[in-house]
Amino acid sequence: MSDIKQLPTRDQVDSKLTWDLTPIFKDDEAFNAAFDRVSKEIDALPKLEGKLAESAKKLVSVIESIMTTIRPAEKLYVFASLKHDQDTANSENQALSGRTQSMLTKLESNIAWFEPELLAVKPSTLDQWIETEPSLKPYEHYLRTITDGREHVLTPAAEKLLAQAGDALGASSNTFGVLNDADLEFPVVEDDDGVTVQLTQGVYDQLIQSTQPEVRKMAFKQLYAVYHQFRHTLAATLSGNVKTHNFEASVHHYQNARQAAMSSNHIPVSVFDSLVTSVNDHLPLLHRYVALRKRILKLKELHMYDLYTPITGEPKLSYTFEEAKAEALKALAVLGSDYLSHVQEAFDSRWIDVVENKGKRSGAYSSGMYDTAPYILLNWQDNLESLFTLVHEMGHSMHSYYTTHNQPYQYGDYSIFVAEIASTTNETLLTDYLLNQYSDKQIQAFILNHYLDGFKGTVFRQTQFAEFEHFIHEQDAAGQPLTAEFLSKFYLDLNKKYYGEAVISDPEIADEWARIPHFYYNYYVYQYATGFAAANTLAQRITSGDTAKRDAYLDYLKSGSSDYPINVMQKAGVDMTQTTYLDQAFAEFEKRLDQFETLAETM
Ligand SMILES: [Zn+2]
């Protein structure tokens, strides 16, 4: 399949292409000294217990003592986890990371009393404190995000009991993980070169993109045969997990699991309903795209296993990392000179670990905390996909940068609901830039298809998942047993509705629910879809040339968790409780689908 390349060992990588962690800790000695200091502070935290209700001033002092311990602990965490990921096989790094994990677990349990104690303060007392004690004012929103859930918190004894049952309640999800990641064995199949390979989840992801129909068909059939064989077990683990969500929602006096999950980020359920309604209204666009795929691939029948093979040839677009940095700066220039100066800072100060080496963690991410730079892990390849990854992760890092430089510590992070919007906005800006930059038809087609596939996989597919997830939670709550037959029947119907007539919903796809880890995440996936659509509106505002709109976007990056996510997005220019931003995203999808159709006809 791919050329076997010799990866360098960590010490063979040019240090200019590695991240510089010395601003966090000069060396391991400095780390160890900080570790000992923080460990002692963590041991002292239980002494604060039982004191915060004494007075407003005491509450401030308890909050500040806790935060003074957490802040340096976060630095230890970032240092240890980045070192771990740069070479996961390095046993010293493993030990460093393991030690830090245990320290964080202890930290958490040593402050577990904080929320119940805070909630035990009478609301009227707390209101009065906030009004009269100026030093408490900066913590108002922070305190509100905790006390907002007051009516859903049980007595300390009941909460303790539930916490003790936590492992048992999570057992179904764990069992799925162990079965899916470790125990399930797949048969051998043939790859593009006719070589026999052991099918795994990773190999499947490659083979399903094969340009040879037989290869992807066999991978599909063989993979699903295994899931079908275990469908009753997998229905039981999924059902157990749904029951846990429904149980926890019900004992905490929520109307249902969805309300419970969404209220943790203060997102109104209308955001979810608007998404599902709007996506359903626009399914004909997905049907059109799928039909186009069938025409371009010149297939008599389009099957579910034909949805991931590329329909445009690889363009001759290649970027070294140096070239990619220049392209990223040009694509993001619409965000203004201040933004660009910090991107440049990320390049110059070595916040990025660029190339692959033996033992390095795969994939890409942005990671940092309040007192560290927002580092980026990449596994660079000289292609367009890596350029997209670079601007995506840079979007997260700039969001972190602006937040930590504009907010006090208590508001120095942000929720997952708004996180993917900053990264996806950058990808959208890169798409716009590339489409303007290249007139070559093949390159245009490739970029348009990259966008259309991204839209399909994020907006349509994740909403399909969200709809399924909500349905099974409601069914369970209504007393319907979630058997494999029941799940598969609904899933197949849903799949037919989403993909339409142009594609054959092969019987195997009915079992797709059995292999999706995200169904264990508890109303998580809808955020991928809402984030992608919101990014579309934001990118349009940024490129409109109206600097006030661009500044509103930068204000969102600076907001951190100082306000509820839905309010932050509203101020940035997207009302996510309405369907307008979704309509705009579909209009963009349709426009680019038109362009792609026209191009495809002339190629
Ligand atoms: Zn991301």
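Criteria and cut-off values
Residues numbered from 1 in each chain as written. Predicted model: local features only at pLDDT ≥ 70, side-chain atom pairs only at ≥ 80, totals over all residues. Heavy atoms only, no water. Helix = DSSP H or I, 4+ residues; strand = E, 2+ residues; numbered from the N terminus. Rg over C-alpha atoms; globule rule 2.2 N^0.38 Å. Buried < 20%, exposed > 50% of the residue type's maximum accessible area, 1.4 Å probe, protein only. UniProt positions renumbered as here; feature names shortened; annotations may be inferred. Pairing = 2+ DSSP bridges. Contact = heavy atoms within 4.5 Å. Axes fitted to C-alpha atoms, helices over the stretch in contact; angles between N-to-C directions. Parallel < 35°, antiparallel > 145°, perpendicular 65-115°, else oblique. Nonpolar A, V, L, I, M, F, W, Y, C, P; charged D, E, K, R; others polar. Donors = N, O, S within 2.8 Å, 3.2 Å for Na, K, Ca; no water. Tetrahedral: all angles 85-135°; square planar, octahedral: opposite > 155°, others 65-115°. Phe/Tyr/Trp six-rings, centres within 6.5 Å; stacked < 30°, edge-to-face > 60°. Lys NZ or Arg CZ within 6 Å of the ring centre and 35° of its normal. Expected span 1.5 Å × (residues − 1). Arc of directions from axis to C-beta.

### Regarding the overall build of the protein chain
Check the secondary structure of the protein chain and you find 25 helices and seven strands. For the protein chain, whose C-alpha radius of gyration is 25 Å, the value lies close to the compact-globule estimate of 25 Å for 603 residues. In terms of principal-axis extent, the alpha carbons of the protein chain reach across some 75 × 60 × 50 Å. Out of the 603 residues in the protein chain, the part that is buried amounts to 51%.

### Considerations on unusual backbone geometry
Unusually for a residue other than glycine, H253 sits at a positive phi of about 60 degrees. Exposure remark for H253: the relative accessible area of 52% places this residue in the exposed category. Even without being a glycine, H266 presents a positive backbone phi close to 55 degrees. Summarising the element assignment, H266 is placed in the loop between helix 13 (257-263) and helix 14 (269-281).

### Describing the UniProt feature "domain: Oligopeptidase F N-terminal" (unreviewed entry) in the protein chain
The feature "domain: Oligopeptidase F N-terminal" (unreviewed entry), as given by UniProt, occupies residues 117-186 in the numbering adopted here. Helix makes up 69% of residues 117-186 and strand 0%. Its end C-alpha atoms lie 51 Å apart.

### Remarks on the sheet that holds strand 4 (residues 352-353)
Strand order in the open sheet formed by three strands is 4-6-5, and the pairing between neighbours is mixed. Each of the sheet's edge strands pairs with one partner strand only, and the pair in question is strand 4 and strand 5 (365-367). Looking at chain direction, strand 5 and strand 6 (residues 375-377) are connected through three bridges and run antiparallel. Each bridged residue has a counterpart across the sheet, and for S367 the counterpart in strand 6 is Y375.

### Quick look at the side chain of R592
Its place among the elements puts R592 in helix 25 (residues 580-602). Dropping the residues within four chain positions of it, R592 is found in contact with T431, D432, L435, L448, Y451 and L452.

### Here we look at the packing of helix 22 (residues 526-543) against helix 25
At their nearest, the axes of helix 22 and helix 25 sit 8 Å apart, and the two run at 80 degrees to each other. With respect to each other, helix 22 and helix 25 are oriented roughly perpendicular. Residue-level contacts link T530, A533, A534, N536, T537 and Q540 of helix 22 to Y581, L582, Q584, A585 and E588 of helix 25. For the contact of helix 22 with helix 25, the residue count by class is five nonpolar, five polar and one charged.

### Points about the coordination of the zinc ion
Summarising the metal site, the zinc ion is bound by the protein donors H392 (NE2), H396 (NE2), E420 (OE) and E420 (OE), whose distances to it range over 2.1 to 2.5 Å. Coordination at the zinc ion comes from four donor atoms whose angles at the metal span 52 to 141 degrees, giving a geometry best classed as irregular. Spacing between the donor residues of the zinc ion along the chain follows H-x3-H-x23-E. On the criterion of sequence distance, the pair formed by H392 in helix 18 (residues 384-406) and E420 in helix 19 (residues 416-437) is long-range, its members being 28 residues apart.

### Observations regarding the packing of aromatic side chains
Inspection of the entire model under this criterion finds 38 aromatic pairs. Here the aromatic cluster, defined as three or more aromatic residues joined through ring pairs, consists of Y289, Y451, F455, F460, F532, F586 and F589. A cation over a ring is seen here: K456 above Y308, with NZ or CZ 4.7 Å from the ring centre. Over the aromatic face of Y451 sits the side chain of R592, whose NZ or CZ is 4.6 Å from the ring centroid.

### Thoughts on helix 1 (residues 28-44)
With 17 residues, helix 1 ought to run about 24 Å at 1.5 Å a step, and its terminal C-alpha atoms sit 24 Å apart, in line with that. Taken together, the buried positions of helix 1 are F31, A34, F35, V38 and I42. With its buried residues spanning 110 degrees around the axis, helix 1 presents them on a single face. Away from its buried face by more than 90 degrees, helix 1 exposes E29, R37 and K40.

### A few points about the packing of helix 12 (residues 231-251) against helix 20 (residues 441-477)
For any two helices packed against each other, the geometry is given by the interaxial angle and the distance between the axes. At a minimum axis separation of 10 Å, helix 12 and helix 20 run at an interaxial angle of 75 degrees. Between helix 12 and helix 20, the interaxial angle falls into the category roughly perpendicular. Counted together, L238, V242, K243, H245 and N246 of helix 12 and F468, I472, H473, D476 and A477 of helix 20 form the full contact between these two elements. Its residues assigned to classes, the contact of helix 12 with helix 20 comprises five nonpolar, three polar and two charged.

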